[in-house]
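So the chains spell out like this:
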Amino acid sequence: MLKNYLTVALRTLRRNRGFALLNVAGLALGMACVIMIALYVQDERGVDAFHERADRIARIDIDFVTNGEVEPAGNTPGILAPTIAASMPEVEAAVRIMQADRVLRAGGEPFQTDRLFLVDPEVFDVFTFPLRSGDPATALAEPGSIVLTETLAATLFGDAPAHGQTVEWTDRVLTVTGVMADVPRQSHLQFDGLISLATAEDPGWFYGNWFAVMFGTYALLREGVPVNEFEAKLPAFIEAEAGDAMQEEGTGLVLHARPLETLYLTAERGMGTFGNGATLRILALVALFVLLVAAVNFTNLATARSLDRAREVGVRKSLGARRSGLAAQFLAEAVVLSLAATGLAVGLVQLALPAFRELSDKPLTLLDLGAGWIGIVALAGATGLCAGAYPAFVLSGFRPAEVLKGRFASGQRGQALRQGLVVVQFGISVALIAATGIVFSQLRYMQAQDLGMDLGGDATQLLVLPIMGDSTVVRQLPELRARLLTAPGVAGMTASISAPTFGTYAADGTVEAPDGPGDEMSAVIVLTDTSYIGVYGLALVAGRTPEATPPDARREYVLSETAVREAGYASPEAVLGKPAAFWGMEGEVVGVVRDVHIEGLQRAVEPLVLAASDADVIPPNVLTLRVETAGLTATLARLETLWADLVPSRPFTYSFLDEDFAAQYVGEQRFGRLFGVFAGLAIVIACLGLFGLAAHATATRRKEIGVRKVLGASVVQIVALLSRSAVALVGLGVVIAVPVVVLGMSRWLDGFAYRIDVGWLPLALAGGVVLLIALVTVGVHALRAAHADPVKSLRYE
């Protein structure tokens, strides 16, 4: 029986090649979208899944609570991991991870990477990073140990075995105690080497203070301990272990346990790279919408062809065919079409994969779906059944007597359904185009905002050189500064503990309030020299820049406007001269600058505190040069030569700050491009269906058109007659799209501290674009019908 159904279905489709082609093309594009989005979503959801104990690993996060305000910290204190491992029986092991951006030297040749971590030796107990050589239990147990990835080992030592070799790191000699496989691409932690944490100096304040957050902390829970139950016990733990410290600081600490399995898509800050769960859900919804548009095409075209199939149904019913058998036959045709479309979709995806890899920045292949292909095939079959269900039961319900007597008329029976489905198609198309416009409008809005600093332009640029406290550079800093400032093309230089987009340091402190002692406040602190404000082009609104401060003297602080408001002052001038203390350093406020965005505009501006600091006390991590744009290539060449002369042990690496800020929005730009591509495909699919419906409508009205032409109707009048319904359907589609876009994109925009409003312009433009496309699609058939010879359509009347 099934074989017969399939045989008849194939014959029918072969006889109606045009109809089959339109359906297969629309479904193929829809399924291709589904496959590509499924590849992307699965890749994002698979981050960190390779760890054997991923379901038992949790990252511990910490929030500071000051005066009822909650401030999430990107990292955790060094005291947390050993304390939690010793005090909580639910924890099998805990590990600290800290960035160690330093230079390695093998054979005297420097190699710089920002992908070095200082870690506890338990790192291999918690995570699954297999070693090619070395013992994971002891590889990082001793000070002076380093484990290299295979790629870094080959870079440093070539074909020679790396195990047992030595490398220089800052002023220490490290022994390679293990070589591990390269870190999988789907890991939120990416690194080239791991250095034993015991190698670093142990500044007790940083390692033992509950408010010095420098580490990522990960806990391996014991078998059978759910993450939520473990998290429920953290308030009692932190109160028992840090209650006195919280009372002394006047700041509360709240711990959270974030499962590793969901960390990548839910975390916003901390060590590593992270995705966006909201974006992923929106893309999955887009896939559903595009497939829905393709399924609507199938249903529309099948119901539109009901007159063509009516006589077939009438003859077969008069010969004894049952309705169930006819319905099964039409469903078989639908499933065959859907499976054929899926096969074509696979070919389309394979052709599009190179472009999609570049668009998504992922090395995706069709094999990555794995068992997901079962779901794709099942989805194809379900799509065929669902899309073909209504036409099948409508066609199989025709009465043979009416059909064979010529009394059957199909125009009214499925017209309402077809028009309703077309409205849904256009509504989805308008919503996708409008959403794409809103995404790019938000990007332009963020990129156009005043960051509170001068990133440069046609005349100058800010050049950032990471040195990460390198003692060699710090020793040479006075001479390096003198040589750099006299180099042609260099307009200024500053050294600081951090730079915009290069991470921040949080500091709790106080500023004397207008009516007495100030409350504890948290701010981003930048320890720097006296040139920072000038080099970065910060705008002073009150006071002056800080002067150089000897190690034993009172600090001179400059606050941002937000920090001034946090301290309780209504005007910048009122805070000048007030005592202040951050990181335990006593001083006074000497200046106020306009607010500065240290990070991208996804986050609200934070209070900023600037303090002049001697490099010998807390060494700088970044040098920033303001260089002239004219002759920039020659300037960079001179700087590299000068650098090699003074600091031969460290490579000359740099970036431009405007490009670093632009990189903050790479995720949003990728999301916008993906959205735009799939919105375009949805329109193409909708137009394929509209093209088929317009052809059918024109064919059924050819006699009417002939009569109108004979009676004097012009081409313009006939085209307007046939296009009028398309305008109405697009209008209804816009009405449907408005609440969907407003609600959906408002939720997406809520993820940005600085955002646009969802206005009428994107919807109006999207509606105009879809209307134009619809009119062109319908107009092709309308013009052909309007220019046709009426004699041919009326010769038998």
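**Examining the overall build of the protein chain**
- Within the protein chain, the regular secondary structure consists of 26 helices and 25 strands.
- Put simply, of all contacts in the protein chain between residues at least 6 apart along the chain, 80% involve residues at least 24 apart.
- Carbon and sulfur atoms form 57% of the exposed surface of the protein chain, whose accessible area is close to 34700 Å².

**Brief notes about helix α3 (residues 80-87)**
- Where α3 is concerned, the buried positions are L80, A81, T83 and I84. Each buried residue of α3 sits inside an arc of 165° when the element is viewed along its axis, so together they form one side.

**A look at the nonpolar core**
- F356, M453 and L538 are the most contacted members of the largest nonpolar core, which has 102 residues in total.
- Residues in contact with M453, not counting those within four places in the same chain, are P500, Y536, G537, L538, V596, H597, L657 and F661.

**Description of the packing of α3 against helix α8 (residues 234-249)**
- The geometry of α3 relative to α8 is characterised by a closest axis approach of 12 Å and an angle of 110° between their N-to-C directions. With respect to each other, α3 and α8 are oriented roughly perpendicular. Judged by the sense of rotation from one axis to the other, the crossing of α3 with α8 is right-handed. Contact residues: α3 offers L80, T83, I84 and S87, while α8 offers L234, F237 and E241.
- Residue classes in the contact of α3 with α8 are distributed as four nonpolar, two polar and one charged.

**Observations concerning the pattern of salt bridges**
- Scanning all chains against the criterion turns up 22 salt bridges.
- One salt bridge connects D120 with R96, and the closest N-O pair in it is separated by 2.9 Å. Within this pair, whereas D120 is found in the loop between β7 (116-119) and α4 (123-126), its partner R96 is found in strand β4 (residues 91-99), the two being separated by 24 residues in sequence. An identical accessibility class is assigned to D120 and R96; each is buried.
- Residue R132 is joined to E150 by a salt bridge in which the shortest nitrogen-to-oxygen separation is 3.3 Å. Of this pair, R132 sits in strand β8 (residues 131-133) while E150 sits in helix α5 (residues 150-157), and the two are 18 residues apart along the sequence.
- The class of E150 is partly exposed, set by a relative accessible area of 34%.
- Through salt bridges with shared partners, a single network forms among D43, E44, R185 and K362.

**Here we look at the packing of helix α16 (residues 471-485) against helix α20 (residues 632-646)**
- Interhelical geometry of α16 versus α20 gives an angle of 145° and a closest axis separation of 10 Å. As α16 runs across α20, the sense of the crossing is right-handed. Across the interface between the two elements, V473, Q476, E479, L480, R483 and L484 from α16 touch L639, L642, W643, D645 and L646 from α20.
- Its residues assigned to classes, the contact of α16 with α20 comprises seven nonpolar, one polar and three charged.

**Remarks on unusual backbone geometry**
- Even without being glycine, D361 reaches a positive phi, approximately 60°.
- Structurally, D361 can be placed in the loop between α12 (323-360) and α13 (372-395).
- A positive phi angle, close to 75°, is found at T501, a residue other than glycine.
- Positionally, T501 belongs in the loop between β16 (490-496) and β17 (506-511).

**Here we look at the packing of aromatic side chains**
- One pass over the structure, following the stated rule, counts 16 aromatic pairs.
- Relative to F129, the ring of F50 has its centre 6.2 Å away and its plane inclined at 50°; by these criteria the two rings are tilted. Pair noted here: F50 is in the loop between α2 (17-45) and β1 (57-66) and F129 is in the loop between α4 and β8, with a separation of 79 residues, a long-range link.
- Its relative accessible area of 27% is what places F50 among the partly exposed residues.
- For F129, a relative accessible area of 5% gives the class buried.

**Remarks on the pairing of strand β2 (residues 69-73)**
- Two elements, β1 and β2, share five bridges in a ladder whose sense is antiparallel. Residue pairing in the sheet places V65 in a bridge with V70 of β2.
- Here β1 hands over to β2 after two residues, with N67 in that stretch at a positive phi of 55°.

**A short note on a nonpolar patch on the surface**
- Together, L344, L348 and L351 make up a nonpolar patch on the protein surface, roughly 290 Å² of accessible area in all.
- Along the polypeptide, L344 turns up in helix α12.
- In this structure L344 comes out as partly exposed when scored by relative accessible area, which is 40%.

**Quick notes on α5**
- For α5, the complete set of buried residues consists of L152, A153, L156 and F157. Buried positions in α5, seen along its axis, are confined to an arc of 105° and lie on one side of it.
- Residues of α5 that are buried sit in contact with β5 (102-106), β6 (109-113), β9 (145-149), β10 (166-169), β11 (172-180) and β12 (193-196).
- With its phi angle positive at about 65°, G158 sits one or two positions after the end of α5.

About the thresholds
Residues numbered from 1 in each chain as written. Predicted model: local features only at pLDDT ≥ 70, side-chain atom pairs only at ≥ 80, totals over all residues. Heavy atoms only, no water. Helix = DSSP H or I, 4+ residues; strand = E, 2+ residues; numbered from the N terminus. Contact = heavy atoms within 4.5 Å. Areas by Shrake-Rupley, 256 points an atom, 1.4 Å probe, with all protein chains shown as cover. Buried < 20%, exposed > 50% of the residue type's maximum accessible area, 1.4 Å probe, protein only. Arc of directions from axis to C-beta. Core = buried A, V, L, I, M, F, W, Y, C linked by side-chain atoms within 4.5 Å. Axes fitted to C-alpha atoms, helices over the stretch in contact; angles between N-to-C directions. Parallel < 35°, antiparallel > 145°, perpendicular 65-115°, else oblique. Left-handed = near helix turned anticlockwise from the far one by under 90°. Nonpolar A, V, L, I, M, F, W, Y, C, P; charged D, E, K, R; others polar. Salt bridge = Lys/Arg side-chain N within 4 Å of Asp/Glu carboxyl O. Phe/Tyr/Trp six-rings, centres within 6.5 Å; stacked < 30°, edge-to-face > 60°. Pairing = 2+ DSSP bridges. Patch = residues over 30% accessible without salt bridge, like charges linked within 9 Å, V, L, I, M, F, W, Y side chains within 5 Å.

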